[in-house]
Amino acid sequence: LLSLATGTFYTALYTLLSTRSSVSPTSADQWNPPQAIRWLGPCVEMVIPSLILGILSRTAGPEYALGSWAPPLLFGAIIALSVVRVDPRFPLLLGAGAASAYALIYAVVIEPSLNDHALVALPQIHLARTGALLGAGCAAAGVAWWLQALIADSIAELDSPTTFGPYVLGPEIASGGMGRVFD
């Protein structure tokens, strides 16, 4: 599991460095990354809680790993913070990625070494956690979609004509040292 995370990190770093040199900046102080790099960040973010869950399972035991608050909290925080990107695709990706990573780590790493008499060994608990992570991604995508619509409405309102009493200000015709003239 550690080698998977290390390999993912080095692949991401190589991709970032190799594509950075092939991208031409749009201005002197602004760099416009390609789509691949834009999606690389969320994928790398999802590795962190997965790695912690796997490490906890190997070092402290599978019962402790499943009972620990750290991996679910990190999964949830990463999904919730993805709303800031204001693109509903990111929370959906992170929710689906968190659900599948949790289910995969549980099935491959944790479940084979789990004590059958432990309360956390019930499969219903892990199906519920997987569903909760997927649901959190969908809910966060809804919030991101709402924010996106709110921002688009605000921009449209800024572009609309401004009223000043009974008058409507049209587009700016000219401007100079004494003021600005509107239609």
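Refer to the structure above for everything that follows.
Description of the structure in this document. Owing to the predicted nature of the structure, the values given are computational and were not obtained by experimental measurement. The numbering scheme is per chain: residues are counted from 1 as the chain's sequence reads. Given that the model is predicted, a residue must reach a pLDDT of at least 70 before its local features are reported, and side-chain atom pairs must reach 80 or more before they are shown or counted; all residues, however, enter totals for whole chains, interfaces and linings. In computing side-chain properties, one takes all heavy atoms of the structure into account and sets aside hydrogens as well as water.

## What to know about the packing of aromatic side chains
What counts as a ring pair is set by centres within 6.5 Å for rings of Phe, Tyr and Trp (its six-membered ring), and what kind of pair is set by the plane angle: stacked under 30 degrees, edge-to-face over 60, tilted for all other angles. Under the definition given, this model contains zero aromatic pairs. Criterion for a charge above a ring: Arg CZ or Lys NZ at most 6 Å from the ring centre, at most 35 degrees from the ring normal. Lying over the aromatic face of Phe90, Arg85 brings its terminal NZ or CZ to 5.3 Å of the ring centre.

## What to know about the nonpolar core
General note: in soluble globular proteins, nonpolar side chains tend to be found buried as a group. Phe75, Ile110 and Leu133 are the most contacted members of the largest nonpolar core, which has 23 residues in total. Helix numbers and strand numbers start at the N terminus; a helix is a DSSP run of H or I with at least 4 residues, a strand a run of E with at least 2. Sorting the residues of this core by element identifies α2 (35-59), α3 (62-67), α4 (70-81), α5 (89-110) and α6 (123-159) as the ones contributing at least two each. Take the buried residues of types Ala, Val, Leu, Ile, Met, Phe, Trp, Tyr and Cys, join any two whose side-chain atoms come within 4.5 Å, and each joined set is a nonpolar core. Residue burial is assigned from relative accessible area. The probe radius is 1.4 Å, only protein chains are included, and a residue is buried under 20% of its type maximum, exposed over 50%, and partly exposed in between.

## Examining the environment of Ser57
With respect to the helices and strands, Ser57 occurs in helix α2. Under the relative-accessibility criterion, Ser57 is labelled buried at 6%. Sequence-wise, Ser57 and Leu114 are 57 residues apart; in three dimensions their C-alpha atoms are separated by 9.4 Å. Every residue in contact with Ser57, bar those within four places of it in the chain, is listed here: Pro62, Ala65, Val109 and Ile110. We call two residues in contact whenever any of their non-hydrogen atoms come within 4.5 Å of each other.

## A word on α2
A rise of 1.5 Å per residue sets the reference length of α2, with its 25 residues, at 36 Å; its end C-alpha atoms lie 37 Å apart and thus fit the reference within 8%. The complete set of buried residues in α2 reads Ile37, Pro42, Met46, Pro49, Ser50, Leu53, Gly54, Leu56 and Ser57. Where α2 terminates, the next one or two residues include Gly61, which has phi positive at roughly 105 degrees. Multiplying 1.5 Å by the residue count of a helix minus one yields the expected span of that helix.

## Quick notes on a nonpolar patch on the surface
Together, Val143, Trp145, Trp146 and Leu150 make up a nonpolar patch on the protein surface, roughly 450 Å² of accessible area in all. By the element assignment, Trp145 lies in helix α6. Only residues whose relative accessible area exceeds 30% and that form no salt bridge enter a patch; like-charged residues are grouped when within 9 Å of one another, and nonpolar side chains (Val, Leu, Ile, Met, Phe, Trp, Tyr) when within 5 Å. Here the Shrake-Rupley method, with its probe set to 1.4 Å, supplies the accessible areas, and only the displayed protein chains count as covering residues. We count a salt bridge whenever a side-chain nitrogen from Lys or Arg sits within 4 Å of a carboxyl oxygen from Asp or Glu.

## Considerations on the pairing of strand β4 (residues 179-182)
Two strands qualify as a pair provided that DSSP identifies no fewer than 2 bridges between them. With four bridges connecting them, strand β3 (residues 172-176) and β4 associate as antiparallel partners. Residue pairing across strands places Ala174 opposite Val181, the latter belonging to β4. In textbook terms, the turn of a hairpin is the stretch between consecutive antiparallel strands, and for β3 and β4 this stretch comprises two residues.

## Focus on the pattern of salt bridges
One side chain can pair with another of opposite charge once the charged atoms of both are near each other. By the definition in use, this model includes three salt bridges. The salt bridge involving Glu45 is made with Arg85; its shortest N-O contact spans 2.7 Å. Of this pair, Glu45 sits in helix α2 while Arg85 sits in the loop between α4 and α5, placing them 40 residues apart in sequence. Looking at Glu45, the relative accessible area reads 26%, which means it is partly exposed. For Arg85, a relative accessible area of 30% puts it in the partly exposed group. Across the pair Arg180 and Glu172 runs a salt bridge, and its minimum N-O distance is 3.5 Å. For Glu172, a relative accessible area of 40% corresponds to the partly exposed category.

## Considerations on the packing of α2 against α4
Remark: α2 packs on α4, axes separated minimally by 9 Å, with the N-to-C direction vectors making an angle of 175 degrees. Relative to α4, the element α2 is oriented roughly antiparallel. Note on element contacts: α4 touches α2 through Pro71, Leu74, Phe75 and Ile78, opposite Glu45, Met46, Pro49, Ser50, Ile52, Leu53 and Leu56. Charged residues are taken to be Asp, Glu, Lys and Arg, nonpolar residues to be Ala, Val, Leu, Ile, Met, Phe, Trp, Tyr, Cys and Pro, and polar residues to be all remaining types, Gly included. Across the contact of α2 with α4, the residue classes tally to nine nonpolar, one polar and one charged. Axis definition: a line fitted to C-alpha atoms, limited for helices to the stretch in contact. Angles are taken between N-to-C directions and run from 0 to 180 degrees. To sort the angles, those under 35 degrees are grouped as roughly parallel, those over 145 as roughly antiparallel, those from 65 to 115 as roughly perpendicular, and the leftovers as oblique.

## Comments concerning the packing of α4 against α5
One can describe the packing of α4 onto α5 by two numbers: an axis separation of 9 Å at closest approach and a directional angle of 165 degrees. Comparing the axis directions of α4 and α5 gives the class roughly antiparallel. At the point where α4 passes α5, the crossing takes the right-handed sense. In this structure, α4 uses Phe75, Ile78 and Ile79 to contact α5, whose residues at the interface are Leu94, Gly95, Ala98, Ala101 and Tyr102. The class makeup of the residues in the contact of α4 with α5 is seven nonpolar, one polar and no charged. Handedness of each helix crossing follows the sense of rotation of the near helix against the far helix: counterclockwise by less than a right angle gives left-handed, clockwise gives right-handed.

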